[in-house]
Amino acid sequence: MVKALALHPDRLFPADAATRDIARALYAAIADTPIVSPHGHTDPRWFADDAPWTDATSLLLAPDHYLYRMLYSQGVPLDALGVPDRNGVPATDPRAAWRLFAGHYHLFRGTPSRLWLDHVFAEVFGFEVALDAASADAYFDTIGEKLADDAFRPRALFDRFRIDFLATTEGAHDSLDAHHAIRASGWNGYVVTTYRPDGVIDVEHEAFAPAMARFAELTGEDVYGWKGYLAAHRRRRADFRAAGATATDHGHPTAATANLSDRECEALFGRIVGGGWSKADAELFRAQMLTEMAKMSVDDGMVMQIHPGSCRNHNAGLFASHGRDKGADIPTRTDYVHALRPLLDVVGNERDLTIILFTLDESTYARELAPLAGHYPCLKLGPAWWFHDSPEGMRRFREMTTETAGFYNTVGFNDDTRAFLSIPARHDVARRVDCAFLARLVAEHRLADWEAAELAQELTSGLVRRAYRIDD
Amino acid sequence: MVKALALHPDRLFPADAATRDIARALYAAIADTPIVSPHGHTDPRWFADDAPWTDATSLLLAPDHYLYRMLYSQGVPLDALGVPDRNGVPATDPRAAWRLFAGHYHLFRGTPSRLWLDHVFAEVFGFEVALDAASADAYFDTIGEKLADDAFRPRALFDRFRIDFLATTEGAHDSLDAHHAIRASGWNGYVVTTYRPDGVIDVEHEAFAPAMARFAELTGEDVYGWKGYLAAHRRRRADFRAAGATATDHGHPTAATANLSDRECEALFGRIVGGGWSKADAELFRAQMLTEMAKMSVDDGMVMQIHPGSCRNHNAGLFASHGRDKGADIPTRTDYVHALRPLLDVVGNERDLTIILFTLDESTYARELAPLAGHYPCLKLGPAWWFHDSPEGMRRFREMTTETAGFYNTVGFNDDTRAFLSIPARHDVARRVDCAFLARLVAEHRLADWEAAELAQELTSGLVRRAYRIDD
Amino acid sequence: MVKALALHPDRLFPADAATRDIARALYAAIADTPIVSPHGHTDPRWFADDAPWTDATSLLLAPDHYLYRMLYSQGVPLDALGVPDRNGVPATDPRAAWRLFAGHYHLFRGTPSRLWLDHVFAEVFGFEVALDAASADAYFDTIGEKLADDAFRPRALFDRFRIDFLATTEGAHDSLDAHHAIRASGWNGYVVTTYRPDGVIDVEHEAFAPAMARFAELTGEDVYGWKGYLAAHRRRRADFRAAGATATDHGHPTAATANLSDRECEALFGRIVGGGWSKADAELFRAQMLTEMAKMSVDDGMVMQIHPGSCRNHNAGLFASHGRDKGADIPTRTDYVHALRPLLDVVGNERDLTIILFTLDESTYARELAPLAGHYPCLKLGPAWWFHDSPEGMRRFREMTTETAGFYNTVGFNDDTRAFLSIPARHDVARRVDCAFLARLVAEHRLADWEAAELAQELTSGLVRRAYRIDD
């Protein structure tokens, strides 16, 4: 039996009729607001080259760890889905992989992936039939045909999606060639980079040594001496700013920060680059570098994002066979109150500094993050992140942060995705969930309707533009 | 004034009329599905002997730690409720105990015990008047009369409750005589055992030494040598499988696992049985044994359940006077991400292994358990457990796990009870709460109605039968 | 454009019409119940002297850390708001401070401060226009005029607010002169003190030495010897009881308790008063003193309140410039299960002792606190505290504690405020949220309507009066 695919106009709004009416009205006023995507992982070469994508599997399935982790959890091998391993892309027939995925699509019931994909299927590709084993081939064929059409090239979709601002993320040791090519092309899409120096800060990363070598090469600084190393960061931050970056990003195992003396820094750095470091040294160096980055942000005005608390590469066997970022990163309990104190001792009261905190540990929302952001001038709260970037997760974020931090210490939505086609879907989910939350406050007479309307605008556009200094 | 007792047909459904209608329809389709109870603590002798129970106090009150812990917290002595102490059952008049309980029945307002008991009173015994001090005697008399009737013997109720499968739990050092007697009797009730070896794994248990002696006797193995000890486990697992067991169960203070070398295992086991162990040794041995049990499950196909995180016998005075399991076990913060890694390094990617994880620490649902189960092929999530086996607890479980783990990495409901008469009540609560959750997803246009209907069947029957390999 | 200020009669009730009707009926029956405020930080001199307050800024803004912490988080300097620093009250024009606050009033959207203030503005001062930059002067003027009126003096407002019982908090080293003056005045307001000995227990407090000196002076005991120190506590507890106190209060960094031998206590106390203490000694001494206080409570019948888990003075720079209690206290993760065990080993099974536990770590509600309070006779749960004393916070408290602890192991509402004018607002919010919670239970057929009505009375009045022994 053919199952229809249709996005209901009231999806994600509360079932209560009076509250739903309020949510509808709030949403109608902001639904068409252009998208600001201040943090994510799309590939800037897509916009530099504007080359067409080829097929459903390589575009939508093989790169999306949300999708293949779920299938893997139910016993589907990654190779059968076309997911690259350490030897590269497996010789899997893309159509066969797509069929396998389609046959397991029921696994995603109740997940955000399902919401995002159905939105992509319906809105981007115009499907009116749901994906399942029976429709798998029709999906694969239609998506392949559409992707060959110029209207589905990256820049055309960027325009169609009404994206006003898109930040990618590059490492301190990465070239910015794609960004320079975008600028040189004369295309008017507003795509910028973000400075993510983890590769030259995390000595436990297996590619630390080559990253440092490249860092030296790109900057011409003596990156193996503490002063030269800091100078190299300053130089690359300037390069990134010149390529439009307004922000840095830091993905650390914990939120630990440190405030060492110069002498201690020199000694620690000596162990880091000299090879005699312990695990505690590696952690302490990451901790100290958050404080160094914050101090540089005071100088150059870059907004700082901290994404802590993921235990990377949890599955040793899978890491050996397939490498990083294969759906095996697991959140861990994360402390902020004690961890951030050394950094805050240095820059906590700076009014012109913005540090955006993210978490994978929801127990910190009401207990630590909202109280911190509701006090320190430099701190703001990033939106619900990763596994929590979902209707229930976003609802909990608002319910657990708003009463202490208010709305104005938050920064709107981040899609944080490498799945470019899902960006409108993700922003739409966030807008609907925010409007649903505001509608409840109005229905319970905790906010006036005109205040909720102002806040819907702020949550969609105002807060993110100001926090990320997009219009500066 | 006499208060009526009546179970409302819409109980536990959402108040919103449109959502309630959806919940009603979902529930109507699964309400009469036979019960599968894959994990619990009923006494198999009940079904072997089919002897009548005697009175309300000894059947419903004195063995139920949910009930007497609440009364104890309000100053009622356990002896007055007929709860056994280290000297046995106190000489308390059962009717007086029942009156005391009835006079405090208001304490249970808002608790699941109240829902379960009212269901038992109304459905099993046919009461139409609520329990309170005024009705206490009528309750005591009526229950006593009914229990004397053959229709209220264990096997008759088993049939009346439409129980399709019931697993009890026995220790590695326990006889399986009751199970053998059930089989030999020719009765067609499907009652099996579960292998729970904690008694011969937890050296900190006061009865470890006699349990080991009995373990040696039952298996004929040299259980005081590491190889013989493992062989004894294999032998008893085979005995349990022969008695119908499809699963093992492990109740440890933490979720710690270990992956020691053979040599380290030998040395550790030497300290455990030699008496020179430290607290750290005891913990490490429990940790290693989880991994050993998982490896045996790979070999013999038994499903493994891990129930960690209870701080047992928290009340030292009460433990001294009354012993274990007297309502003084308190949940503790529990780590899974780091704790399970050694075990997962060994068996994490096994597709034919099933490990069902439980928790008493709800902060791990979205942060650790759902991400782990949504990735590892061997992991599934057990339902909300113990103190969280309640309407709000089950709702939080769905809200915090579904978006990352999906429904299909969960395993339906466990009643986990020794209160046989409450089994239908507990399953009914779980079915209603699940239908309420699904109804909300439908009302918010996050699931189609036909998908929710399929899921209601899965949550009631399909998932549990497959996870526990009941039809294998 | 002028925005109206009007308190909607259905505020904080559920939007669902049927549930709202139930909430309305429950609330109507308890809305006018006199206020019992068993724990808070109002200044007893207000009631002793009955002097008029002067202006909006010094009464409502400058002392309220909820307000200025939010403004500070958005870059507003504390001096500009009239907040005192270490040199005293800054020379800020109160009207200018008020204007600054009014211009930022939108920051409080979605926060409890907004609900409380709007209630004060509408109900206490009769405003019908919302506070914003345009109405700031009118507000400042009107409030100033009203405060000069006798009807707005402390005692007149106390009567108007229908306060039946109000407890303030004084240190072990504080005079009780204000309380004695209240008694001597013949005024019939029921205002009592609470014994808070932290100042002479926390050796890490910067004013420990002068507090001890004053403690010695007030008691005439040798407070520098362990036996004399305990005797001094007993003496002051008797003084406090004579001034009406029914309770003690303990604000510790953690919930740690200890149960040392006399000899260990002597040695530890020697280090504490001798100056040779370590941080671990300071913590151990606080831990031991909780147990000592509990033992004294067994003797003298005072109810013991434990408020653990705040990391005080997190902002080092602000502490240096402005001192304590300036909005820079941040909650921390808090353990109760292990921490309370030494104390519970001593007094856990005492039926005539009441220890009321509070938390800033909501993850402990369902995991630790409800299971503990649902077992130990001496334990009860204080209401949602500090940052969690808000509609969402109070809802979570009920949802996460009721199913295990029941309603009867809770103690009603605490306003815990120094903002006297907001007391009716805070109690009104609590009553509405409780009625909303009860209404949901009734609408979902989990409670009968008459039970909910009884519980609404208990949550408003019965539980608090009994727990704090107000009518003893």
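Residues numbered from 1 in each chain as written. Chains lettered and ligands numbered in written order. Predicted model: local features only at pLDDT ≥ 70, side-chain atom pairs only at ≥ 80, totals over all residues. Heavy atoms only, no water.

Our next topic: the sheet that holds strand β2 (residues 163-167) of chain B. Residue and element names in this part refer to chain B. With parallel pairing, the 3 strands of this open sheet are ordered in space as β1-β2-β4. The sheet is open, and its two borders are formed by β1 (35-37) and β4 (191-192), each paired with just one other strand. Seen against the sheet, helix α18 (residues 423-443) touches β1 and β2 and runs at an angle of roughly 100° to β1. (Pairing = 2+ DSSP bridges. Helix = DSSP H or I, 4+ residues; strand = E, 2+ residues; numbered from the N terminus. Contact = heavy atoms within 4.5 Å. Axes fitted to C-alpha atoms, helices over the stretch in contact; angles between N-to-C directions.)

To continue, consider the interface of chain B and chain A. A common measure of how large an interface is: the accessible area buried when the components associate. Taken together, the contact pairs 43 residues of chain B with 51 residues of chain A. Regarding the contact of chain B and chain A, the summed buried area is about 3,900 Å², with carbon and sulfur atoms giving 51% of it. Together, B:Arg367, B:His375 and B:Glu403 form the three largest contributors to the area buried by chain B at its contact with chain A, with a combined 20%. The interface formed by chain B and chain A contains 7 salt bridges. On the surface where chain B and chain A come into contact, there are 29 residue pairs in polar contact (both at pLDDT 80 or more). At the level of elements, α15 (341-347), α16 (364-373), α17 (391-405), α18 and α19 (449-467) of chain B are the ones that each hand at least two residues to the side of chain B that touches chain A. (Buried area = accessible area lost by both parts, 1.4 Å probe. Salt bridge = Lys/Arg side-chain N within 4 Å of Asp/Glu carboxyl O. Polar contact = N/O pair within 3.5 Å; in protein donor to acceptor, adjacent residues only side chain to side chain.)

Turning next to the relation of the copies chain B and chain C. Expressed as a screw transformation, the operator carrying chain B onto chain C has a rotation angle of 120° and an axial translation of 0.0 Å, and the superposed copies differ by an RMSD of 0.0 Å. Taken together, the rotation and translation describe the operation of a three-fold axis. Little of the interface of chain B is mirrored in chain C: 6% of its interface residues are interface residues there too. (Least-squares fit on C-alpha atoms with pLDDT ≥ 70 in both.)

Another aspect to go through is the relation of the copies chain B and chain A. Each copy of the sequence occupies a distinct position, and chain B is placed on chain A by a rotation of 120° and an axial shift of 0.0 Å, giving an RMSD of 0.0 Å. A distinct binding surface is used by each copy, with only 7% of the interface residues of chain B retained as interface residues in chain A.

With respect to the helices, strands and loops of the structure, B:Arg396 is situated in helix α17. The class for B:Arg396 is buried, based on a relative accessible area of 9%. The sequence separation of B:Arg396 and B:Glu362 amounts to 34 residues, and the corresponding C-alpha distance is 8.2 Å. Polar contacts involving the side chain of B:Arg396 include one to the main-chain carbonyl oxygen of C:Glu399, which spans 3.2 Å. (Buried < 20%, exposed > 50% of the residue type's maximum accessible area, 1.4 Å probe, protein only.)

What follows covers the environment of C:Ala452. Residues and elements named next belong to chain C. In this fold, Ala 452 is placed in helix α19 (residues 449-467). By relative accessible area, which is 0% here, Ala 452 ends up buried. Note: C-alpha distance between Ala 452 and Ala 23 (429 residues apart in sequence) is 9.7 Å. Once you skip the residues sitting within four places of it in the chain, Ala 452 turns out to touch Leu 26, Leu 438, Val 442 and Leu 447.

All right, on to the domain arrangement of chain A then. Residues and elements named next belong to chain A. As assigned here, chain A comprises domain 1 (17-47 + 160-467) and domain 2 (52-152). A separation of 28 Å is found between the C-alpha centroids of domain 1 and domain 2. Here domain 1 and domain 2 share an interface that buries about 2,300 Å² over both sides, 63% of which is from carbon and sulfur atoms. Three residues stand out in domain 1 for area buried against domain 2, namely Arg 160, His 322 and Leu 421, and they jointly supply 27% of the buried area on that side. Inspection of the region where domain 1 meets domain 2 yields 0 salt bridges. For the pair domain 1 and domain 2, the interface holds 9 residue pairs in polar contact (both at pLDDT 80 or more). (Domains from an automatic or database assignment.)

A few words on helix α19 (residues 449-467) of chain A. All names here are of chain A. With 19 residues, α19 should reach 27 Å at 1.5 Å per residue; the first-to-last C-alpha distance of 25 Å fits that figure. Helix geometry: α19 is bent most strongly at Glu 458, by close to 55°. One or two steps after α19, the chain reaches Arg 469, where phi turns positive at roughly 55°. (Expected span 1.5 Å × (residues − 1). Bend = angle between axes of the 7 residues up to and from the residue.)

Glancing now at the state of the cysteines. Applying the stated rule across the entire model yields 0 disulfides over all chains. The structure places no disulfide on B:Cys265, whose sulfur is separated from the nearest cysteine sulfur, that of B:Cys378, by 19 Å. There is no disulfide at C:Cys311, and the cysteine sulfur nearest it, in A:Cys378, is 16 Å away. We classify C:Cys311 as buried; its relative accessible area is 10%. (Disulfide = S-S within 2.5 Å.)

Residues and elements named next belong to chain B. Packing of α17 against α18 brings their axes to within 10 Å, and their N-to-C directions diverge by 45°. Accordingly, the angle class assigned to the pair α17 and α18 is oblique. Once α17 is placed against α18, the crossing between them reads as right-handed. Across the interface between the two elements, Pro 391, Met 394, Arg 395, Arg 398, Glu 399 and Thr 402 from α17 touch Val 429, Ala 430, Val 433, Asp 434, Phe 437 and Arg 440 from α18. For the contact of α17 with α18, the residue count by class is 6 nonpolar, 1 polar and 5 charged. (Parallel < 35°, antiparallel > 145°, perpendicular 65-115°, else oblique. Left-handed = near helix turned anticlockwise from the far one by under 90°. Nonpolar A, V, L, I, M, F, W, Y, C, P; charged D, E, K, R; others polar.)

This part is about the pattern of salt bridges. All told, the structure shown has 141 salt bridges over all chains when counted by the stated rule. In this structure, the salt-bridge partner of A:Arg446 is A:Glu444, at a minimum N-O distance of 2.7 Å. Judged on exposure class, the residue A:Arg446 and its partner A:Glu444 are both buried. Notably, a salt bridge pairs C:Lys295 with C:Glu292, separated by 3.7 Å at the nearest N-O pair. Highlighted residues: C:Lys295 and C:Glu292, both in helix α13 (residues 279-300), separated by 3 residues, approximately one helical turn. The exposure class of C:Glu292 is buried, given its relative accessible area of 8%.

A separate point is the packing of aromatic side chains. The geometry of an aromatic ring pair is captured by two quantities: the separation of the ring centres and the angle between the planes. According to the stated counting rule, one finds 108 aromatic pairs over all chains in the structure shown. Judged by centre distance (4.8 Å) and plane angle (80°), the rings of B:Phe121 and B:Tyr139 are edge-to-face. Note that B:Phe121 is positioned in helix α6 (residues 112-124) and B:Tyr139 in helix α7 (residues 136-147), a separation of 18 residues in sequence. Side by side, B:Phe121 and B:Tyr139 carry an identical accessibility label, which is buried. Pairwise contacts between aromatic rings join A:Trp98, A:Phe101, A:Tyr105, A:Phe108, A:Phe121, A:Phe125, A:Phe127, A:Tyr139 and A:Phe152 into one cluster. Here the basic side chain of A:Arg426 rests over the ring of A:Trp116, its NZ or CZ set 3.7 Å away from the ring centre. Lying over the aromatic face of C:Trp450, B:Lys3 brings its terminal NZ or CZ to 4.1 Å of the ring centre. (Phe/Tyr/Trp six-rings, centres within 6.5 Å; stacked < 30°, edge-to-face > 60°. Lys NZ or Arg CZ within 6 Å of the ring centre and 35° of its normal.)

Residue and element names in this part refer to chain A. The strand order β1-β2-β4 describes an open sheet built from 3 strands, whose pairing is parallel. Edge positions in the sheet fall to β1 (35-37) and β4 (191-192), since each of these pairs with one other strand and no more. Of the strand pairs in this sheet, β1 and strand β2 (residues 163-167) are connected by 3 bridges, and their pairing is parallel. Counterpart to Val 36 in the pairing with β2 is Phe 165.

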